[in-house]
Each structure stands twice: as C-alpha cells, then as structure tokens.
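Secondary and tertiary structure notes
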Amino acid sequence: MKPFRAFVNKEFCHIFRDKRTMLILLAMPVIQILLFGFALSNEVKDAQIAVFDPSKDVFTRAVKDRFQASEYFTLTEELENVHMINDVFKYGKTNLVLVFSDRFADNLFSVGHAEIQLIADGSDPNYASMLTNYAAGIIGGYQQELMEKYGSPCRIVPQIKMLYNPQGKSAYFFVPGVMGLILMLICAMMTSIAIVREKETGSMEILLASPVKPLHIIMAKTVPYFTLSILNLITILLLSVFVLKVPVAGSLFWLFVVSLIFILTALALGLLISTLVNTQLAAMLSSGMVLMLPTILLSGMIFNIESMPAILQWLSTLIPARWYIIAVKKLMIQGVAVQYVLKETAILCAMAALLLGVSLGKFKTRLK
Amino acid sequence: MLRFLIEKEFKQLFKNSFLPKLILILPLMVMLVFPWAVNQEIKNVELSVIDHDCSTASKQLIRKIVSSDYFILSNVSANNDQALGSIESGQSDIIIEIEPDFERNLVNRGSAEVMITANAVNGTKANLGTSYLTSILNDFALSWSSQHRGCTVATGNPPVLQLIPQYKFNPHLDYKVYMIPALMVLLLSLLCGFLPALNIVSEKEAGTIEQINVSPVRKETFVLAKLIPYWTVGFVVLLISIGLSAWLYKLFPVGSVFTILLFSSVFVLGVSGLGLIISNYSNTLQQAMFVMFFFILILIFLSGLFTPVSSMPLWAQTLAGINPLKYFMQVMRLIFLQGSKLGQMLPQGGALCLFAIVLNVWAVLSYRKSS
C-alpha cells in the first residue's frame with residue numbers, strides 16, 4: 001500500500017505544481033454552468049410580427065390586440081401591400097407575418113368563415129413551428145370567444161397541468177445536460193493526458209522499471225483527478241441550486257452517488273484514450289474535440305433522442321452522458337425515488353467497469 | 001523566408017500520425033451522422049391515457065389523438081397513481097385523463113373536461129404537446145357537434161377563423177437544411193480553432209521554439225506562417241463538407257459558393273488567430289487545450305447554433321455580439337437558405353473582418369521572442 005500512496009502523492013504534486021491549470025480546472029465549470037444555465041433557452045418571447053390587414057375592421061383589430069397583449073409577440077409593423085411580405089423577412093427582424101383576408105368581417109358573417117394566413121420564416125424550423133403554434137393558440141382563444149357570443153356547438157375544456165416545471169423554465173431542461181457535458185469532457189480531458197504525458201516526456205520508463213503494479217499506476221492516476229472532479233461536482237451543484245434556482249427535488253445522496261459513478265466512467269474513458277494514443281496532442285484532441293461532438297449532439301442534452309432515426313438512437317445508448325442526463329433529470333428535477341434510476345445507474349456502472357478493464361488490459365508494460 | 005516556414009508547417013502537419021486523419025475523418029463523421037441527429041422536431045410524444053368514461057365519445061377521442069403523427073399511446077392506466085408512475089419512470093410524457101361523465105356532459109351541457117398533465121422538464125415538448133392536444137380536442141368538439149346536432153345548446157353557425165400556416169425559405173420545415181450550414185461552421189471552428197491553439201505551445205514543449213526565437217524570423221512572418229496552413233485546412237474541410245452535403249442531402253446553397261468561401265476565409269483567420277493567442281499565453285499543451293475548450297464551448301453555445309439568440313436574456317445577447325461564430329452562422333444560413341447577396345451581409349462581413357484583424361494583431365503582439 002505504501003508505494004501506492006507515494007504514487008498518488010506524486011500525481012497530486014504534478015497537479016498542484018501547475019497553478020494555472022488548476023485554476024482553469026476549478027474556475028471553468030463555474031463560468032460555464034452559470035453562462036449556459038442562464039443563456040440557453042428555447043423560449044419564445046417578444047417575437048416580432050408584422051401584419052397585413054386590408055380590411056381593418058373590429059374583428060381584425062380584436063385579433064391584433066390579443067397578439068399585442070401576449071408575452072410571446074410584439075407587433076412591430078403594419079404592411080401597406082402584399083409585396084412587402086417577402087422583403088420584411090429579408091431586411092427586417094420580423095419572425096411572423098399575419099395576413100388577414102380581404103373584407104374580413106363581411107366574409108366572417110356572409111360566408112361563415114374568414115382566413116388568416118400565418119407566414120413564418122421557416123429557416124429555423126423549431127422556432128417557426130413554435131411561433132405558429134402559439135399564434136394558433138391566441139387565435140383559437142378568440143375563436144372560443146366568438147363561439148360563445150354567436151351560439152356555440154359543444155366544447156371540450158382542457159385542464160392543463162405542467163408537472164415539475166410549472167413556470168416552464170429552460171434551465172430545468174438545460175442544466176442537467178450542461179452538467180453531463182462539462183463533467184464528461186473535463187474528466188476525460190484531465191485523465192487522457194495522464195499516461196501519455198509520461199510516455200512523451202520519457203518518465204514512463206522509470207515508472208515501468210519501478211516495482212509499482214500497472215493496476216496501481218492506473219489507479220494512482222485516477223485518484224487525484226477524481227478528487228478534483230468531486231470539487232467540481234460540488235460547485236456545479238451549489239451553483240445550480242442557489243444561483244440558477246434549479247432545485248434538487250429528490251435525494252441528494254443518490255444524485256451524488258450517480259454523479260460519482262458517471263465521473264468514474266468519464267475518467268476511465270480518458271484513461272482508455274491515454275493508453276491508445278501516443279502523443280499528448282492526439283490525446284487532447286480526441287478527448288476534447290472528438291468526444292465533444294457526440295456528447296453534445298447524441299446525449300439528448302439539446303436534441304430529442306426519440307426524434308432521431310433508429311440507428312442514431314441505438315448509437316446514443318453508447319454515450320455515457322445520455323444515461324447520466326436522464327438520471328439527473330429524474331433525481332434532481334422530477335424528484336423520483338432511486339428505484340426509477342436503477343437502469344441508468346446499472347448501465348453507467350457497467351460502462352465504467354468495462355472501460356477500466358479495457359484500459360488496464362491495453363496498458364503496455366513494455367516500451368517499444 | 002515565409003515560404004520556407006510554411007513548408008515546414010505543412011511538413012510537420014503531414015508528418016503527424018494523427019492530424020491528417022483527423023482533418024479528413026471529422027468532416028465525414030460530422031456530415032454523415034449529425035445532420036440526422038440535430039432535429040428539434042417534437043414527435044413520438046408518449047401518452048398515458050386514463051379513461052374514466054369508457055363511452056363511445058371518449059373512445060373516439062382517444063383514437064383520434066393516437067392516430068395523429070405526434071402521439072404514441074404508451075399505456076392505458078386505471079388510475080392517476082399508475083399514470084404518474086409511468087411519467088416518473090420515463091415511459092410517458094403526457095397523461096390524458098377523461099372525466100367520468102365525459103359523453104353525458106358533452107350531450108347535456110355542451111361542454112366536457114379533459115385533464116392534461118405534462119412532464120414539463122422539457123418545456124418545449126410539454127408546450128408543443130399540450131398545444132397539439134388542445135387543437136385536436138377543438139377539432140373533435142367541432143366534428144362531434146356536427147354529427148350530433150342535439151348537443152348544440154343554441155342554434156346557428158358561429159363564424160370560423162381559418163388558419164393557413166405557411167413557411168418561407170424552408171416550406172417543409174426540414175431541419176437538415178437549417179442545421180447543415182451550422183454544422184459546417186462548427187466543424188471549421190473546431191478544426192481551425194483547436195489546431196492552432198495547440199501548435200505554438202507544442203513547439204514550446206518540444207523546445208523547437210528556441211530555434212525560431214534565435215533566428216531572424218520576424219514575429220509577423222512567424223504568425224502568418226502558422227495561419228496559412230490552417231487557412232488551407234479550412235478550405236479543404238469546407239469544400240469536403242459542401243460536396244458531401246450536395247451529394248448526400250441534395251443541399252445546394254441558394255446563394256453563391258464564392259461568397260461562402262470569401263466569408264469563411266475571413267472567419268477562419270479570426271478563429272485561428274484566437275487559437276494562436278491562447279497558444280502564445282500557455283506554457284503546456286494541457287493549459288492551451290483547457291483554455292481553448294473553455295472559449296470554444298462558450299462561442300458555440302452563445303452563437304445561435306443550437307438555441308436561438310433571440311431567446312437568450314439580454315446580457316447574453318449582448319455577449320453574443322462579440323462572438324464571431326454568431327455572425328458567420330448567420331451568413332452561412334442566409335446564403336444557404338435565402339440566397340442573400342454579399343451586399344446584404346455587409347454588417348456581418350465588417351464584424352468578421354474586425355475580428356480577424358484584432359485577433360491576429362493581438363496574436364503577433366502576444367508572441368514574445370525573448371522570455
């Protein structure tokens with residue numbers, strides 16, 4: 001045990017010696033979680049709408065007033081003619097154009113219906129469909145009012161209840177994802193360089209010639225980074241709860257346990273990269289840049305996994321962050337009991353064990 | 001002098017066992033896999049249904065909901081606890097509870113209630129899901145009343161507002177069209193940002209920087225020799241990805257390819273400059289990597305690539321104003337989707353030029369030949 005402890009000591013010295021890196025390691029997650037926690041959002045607010053209203057009657061004004069009153073929209077422009085509709089998208093900041101049909105009120109009563117065109121800038125499909133949905137909701141509300149006034153057929157009244165996140169805060173959705181991303185990448189980047197640096201600087205030869213077992217070398221490399229990661233985890237959680245106001249609704253203890261398993265998985269992945277590549281450059285680029293892409297795109301952090309094609313859904317099961325993010329959402333925001341995250345925890349454990357096992361197996365005890 | 005230095009950089013680049021592979025494989029991976037993943041469409045919302053009524057009307061309603069594209073029936077629960085359990089375990093996203101006297105209320109009173117309970121952790125999904133459901137309920141109510149005239153409380157047809165949604169520039173709301181230009185921006189920023197960031201610092205670690213420092217090479221020449229290879233890499237990567245997107249996704253820019261190349265050459269100079277600055281200030285590869293990673297992640301997330309800039313709080317929008325990625329992203333999407341001309345994108349072009357100049361002057365100044 002004594003050589004092992006000495007070895008861990010050596011690794012700590014490596015880290016503490018480089019004050020700048022340590023500062024970066026500890027401060028980076030703080031800034032990132034704050035920045036992304038506040039800034040990442042899918043909410044629609046104050047979208048700018050332009051209106052083309054040739055009839056200008058009581059009904060079109062009522063619809064416009066409802067749009068003006070809504071928090072989603074601000075009416076910015078009244079268009080004079082139809083041709084301006086195209087230009088308004090190209091030059092203005094308009095997101096949606098409402099086009100009322102000619103003789104709106106007359107049609108409404110003589111024909112029984114009148115048309116409202118909703119023309120959205122479809123470049124961003126998500127935003128466009130959200131806008132038209134909200135607009136349809138506002139017009140639907142006015143339709144209900146008309147129905148009550150002018151004799152109504154039967155109605156179904158929906159009673160809507162939003163669970164866990166009644167105010168619809170984006171932070172509730174994005175914070176678990178950002179936690180997964182930051183922990184995964186920082187942990188993998190830290191360890192990926194650990195073994196490869198010894199190879200590059202030549203000190204690996206000394207390590208291999210020493211009586212320390214390969215298992216101990218690998219474990220000693222993980223211990224200091226594990227400690228640092230726990231510090232990071234604590235600051236991230238504190239910031240989420242006290243600054244971003246994302247509550248820990250479930251058990252803090254289990255949230256911690258799952259996070260530790262996830263950190264271990266990420267460290268193990270870093271170690272594996274470290275044993276596979278030969279240069280620090282390759283290690284850093286694979287753990288920082290190459291790993292970043294699937295962790296952002298396939299983990300469900302931003303994009304819904306259920307909407308992906310089957311192959312990618314399958315591929316996403318290989319991403320550790322996917323399982324962690326699901327578990328954090330359940331434990332932290334939904335506040336469910338731990339038996340609901342057994343599957344995610346088991347998968348993370350299996351991944352950690354597998355990665356550690358493979359990197360131990362790949363660890364070469366002979367120099368080329 | 002410059003020519004020899006550039007030759008050296010290219011030799012070093014190709015001699016490396018990892019970098020040439022990375023430069024070819026990363027665009028392939030990004031263009032083949034990710035356009036399918038970056039899709040914020042809400043479909044396959046899983047429903048848990050509690051039907052306390054079990055009447056013809058309630059069954060018709062459920063059938064109507066399930067037959068829409070958006071919803072999948074995940075389970076039929078007997079009571080609220082069971083349905084809540086299915087939300088907690090992640091099997092379903094939304095619970096619909098139909099009241100016991102649904103049909104009778106519909107016939108006698110002309111109005112009935114449906115409880116919709118959504119898991120709002122994913123706010124977008126919950127909002128869109130409930131609003132789809134509400135519009136299905138409205139449709140159902142209308143068609144029910146036309147079939148069963150008896151339930152109409154008052155007579156006469158109420159006026160109907162008809163909605164015709166229409167989408168400009170991307171009529172089928174295809175996500176790939178919107179995201180592929182953005183993925184190209186991502187790719188360029190990663191490769192042309194990270195590689196220069198690690199370049200000068202690896203010369204420091206290897207010790208070869210000493211030789212440059214004692215040589216008569218001027219600082220500007222040195223920085224320029226570092227920039228030009230990444231500039232070339234940027235062009236290669238961009239052409240590969242434009243080619244792939246045309247071949248695989250039949251996506252051709254509406255505007256001109258020349259304008260794309262013009263803007264990207266300025267943009268690449270900017271990010272590479274940022275990378276070189278970081279490389280100059282770092283002592284070890286690890287430091288350079290962490291700092292670059294820190295900045296790149298912020299640049300990506302505050303650029304409007306994944307979430308719209310207009311949804312961000314005001315201070316973040318201001319911060320996004322000093323983000324070159326934001327401008328380049330706008331330019332790429334404008335050219336690819338709307339076919340904007342050079343003259344319409346002068347503000348973005350100006351901003352990108354400014355970034356390129358400031359960052360590279362800084363890169364030259366921050367490189368010190370004596371320690």
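Structure's up top.
Residues numbered from 1 in each chain as written. Chains lettered and ligands numbered in written order. Predicted model: local features only at pLDDT ≥ 70, side-chain atom pairs only at ≥ 80, totals over all residues. Heavy atoms only, no water.

Quick word on empty space enclosed by the protein
How we decide: Grid points spaced at 1 Å over the protein atoms alone were grouped into cavities, where a 1.4 Å probe fits but cannot get out, and pockets, open sets with protein on both sides within 12 Å along at least five of seven lines, with lining residues defined by an atom within 4 Å of a point. Grid points are joined across faces, edges and corners, and a volume is the space filled by probe spheres set on the points. Just so you know the grouping, Ala, Val, Leu, Ile, Met, Phe, Trp, Tyr, Cys and Pro go in nonpolar, Asp, Glu, Lys and Arg go in charged, and all remaining residues, Gly too, go in polar. For the purposes of this entry, the term helix denotes a DSSP run of H or I that reaches at least four residues, the term strand denotes a run of E that reaches at least two, and both are numbered from the N terminus.
Per the counting criterion, the structure on display carries two cavities of 30 Å³ or more. Every residue along the wall of the largest cavity is listed here: Asn42(A), Asn126(A), Phe173(A), Ile302(A), Asn304(A), Gln40(B), Ile42(B), Asn122(B) and Thr124(B). Class assignment of the residues belonging to the lining of the largest cavity gives a composition of three nonpolar, six polar and no charged. The set of elements that each furnish at least two residues to the lining of the second largest cavity consists of helix H9 (219–249) and helix H10 (257–281) of chain B. When grouped by side-chain class, the residues that make up the lining of the second largest cavity number five nonpolar, three polar and no charged.

Points about the packing of helix H1 (residues 2–17) of chain A against helix H9 (residues 214–242) of chain A
All names here are of chain A. What counts is decided by this rule: For helices, the axis comes from a line fit to the C-alpha atoms of the stretch in contact; other axes are also lines fit to C-alpha atoms, and the angle between any two N-to-C directions lies between 0 and 180 degrees. Here the angle decides the label: under 35 degrees means roughly parallel, over 145 means roughly antiparallel, 65 to 115 means roughly perpendicular, and every other value means oblique. Crossings are assigned a handedness: left-handed for a near helix turned anticlockwise from the far helix by less than a right angle, right-handed for a clockwise turn. Note on definitions: a residue-residue contact is assigned when non-hydrogen atoms from the two residues lie within 4.5 Å.
Their axes nearest at 9 Å, the elements H1 and H9 cross at an angle of 45°. Here H1 lies oblique to H9, going by the angle between them. Crossing of H1 against H9: the hand is right-handed. Packed against H1, whose contacting residues are Phe 4, Phe 7, Val 8, Lys 10, Glu 11, Phe 12 and Ile 15, the element H9 presents His 216, Ile 217, Met 219, Ala 220, Lys 221, Val 223, Pro 224, Tyr 225, Thr 227 and Leu 228 at the interface.

A short note on the sheet that holds strand E3 (residues 94–98) of chain B
Heads up, the rule is: When DSSP finds two or more bridges between a pair of strands, those strands are recorded as paired.
Ordered in space as E5(A)-E4(B)-E3(B)-E1(B)-E2(B), the five strands form an open sheet in which the pairing is mixed. The sheet is open, and its two edges are formed by strand E5 (155–163) of chain A together with strand E2 (71–76) of chain B, each paired on a single side. On average, each strand axis in the sheet is inclined to that of its neighbour by 25°, with strand direction left out of account. Across five bridges, the pairing between strand E1 (residues 45–51) of chain B and E3(B) is parallel. Within E3(B), the residue paired with Ser48(B) across the bridge is Ile95(B). Of the strands in this sheet, E1, E2, E3 and strand E4 (111–119) of chain B are in contact with helix H3 (residues 56–66) of chain B, which crosses E1(B) at around 175°. Contacting E5 of chain A together with E1, E2, E3 and E4 of chain B, helix H4 (residues 80–88) of chain B crosses the sheet at an angle of about 165° to E3(B).

Let's talk about the sheet that holds strand E3 (residues 96–100) of chain A
Strand order across the open sheet formed by five strands is E2(A)-E1(A)-E3(A)-E4(A)-E5(B), with mixed pairing between neighbours. If you trace the sheet from one side to the other, it starts and ends with strand E2 (73–79) of chain A together with strand E5 (160–168) of chain B, each paired once. The average undirected angle you get between the axes of adjacent strands in this sheet is 25°. In the sheet, E3(A) pairs with strand E4 (residues 113–121) of chain A via five bridges, with the strands oriented antiparallel. Each bridged residue has a counterpart across the sheet, and for Val99(A) the counterpart in E4(A) is Gln117(A). Packing of helix H3 (residues 58–69) of chain A onto the sheet brings it into contact with strand E1 (47–52), E2 and E3 of chain A, and relative to E2(A) it is tilted by some 140°.

Here's the deal with helix H15 (residues 342–362) of chain A
We apply this condition: Here the expected length of a helix is defined as 1.5 Å per residue gap, with one fewer gap than residues.
Its 21 residues place the ends of H15(A) 30 Å apart at the C-alpha level, agreeing with the 30 Å of an ideal helix rising 1.5 Å per residue. Tucked into the core, H15(A) has its buried residues touching H9, helix H10 (252–276) and helix H14 (320–334) of chain A.

Considering the interface of chain B and chain A
Note the following rule: Buried area: the sum, over both parts, of the accessible surface (1.4 Å probe) that disappears when the two are put together. Put simply, a salt bridge is a Lys or Arg side-chain nitrogen that is within 4 Å of an Asp or Glu carboxyl oxygen.
Facing 119 residues of chain B, the contacting portion of chain A comprises 111 residues. Here chain B meets chain A over a buried area of about 10500 Å², counting both sides, of which 67% is carbon and sulfur. Seen at the junction of chain B and chain A, the total is one salt bridge. Salt-bridge contacts for Lys125(B) lead to Glu306(A); the nearest nitrogen and oxygen are separated by 2.1 Å. The element contributing the most residues to the side of chain B that touches chain A is helix H6 (residues 123–147) of chain B, with 16 residues. For the side of chain B that touches chain A, a count of residues per class yields 75 nonpolar, 36 polar and eight charged.

Some thoughts on the pattern of salt bridges
Where charged atoms of side chains with opposite charge meet at close range, the side chains can pair. For clarity, the threshold we go by: Here's how the labels work: a residue is buried when its accessible area is under 20% of the maximum for its type, exposed when over 50%, partly exposed in between, all with a 1.4 Å probe on protein chains only.
Scanning all chains against the criterion turns up 17 salt bridges over all chains. Linking Lys10(A) and Glu11(A) is a salt bridge whose minimum nitrogen-to-oxygen distance equals 2.9 Å. Note on Glu11(A): relative accessible area 2%, which makes it buried. Of the charged contacts in the structure, one is a salt bridge between Lys8(B) and Glu203(B), with a shortest N-O distance of 2.8 Å. Of this pair, Lys8(B) sits in helix H1 (residues 2–15) while Glu203(B) sits in helix H7 (residues 175–206), placing them 195 residues apart in sequence. Since its relative accessible area comes to 4%, Glu203(B) is described here as buried. Shared partners join several salt bridges into a network, and the residues in it are Lys10(A), Glu11(A), Glu198(A) and Lys221(A).

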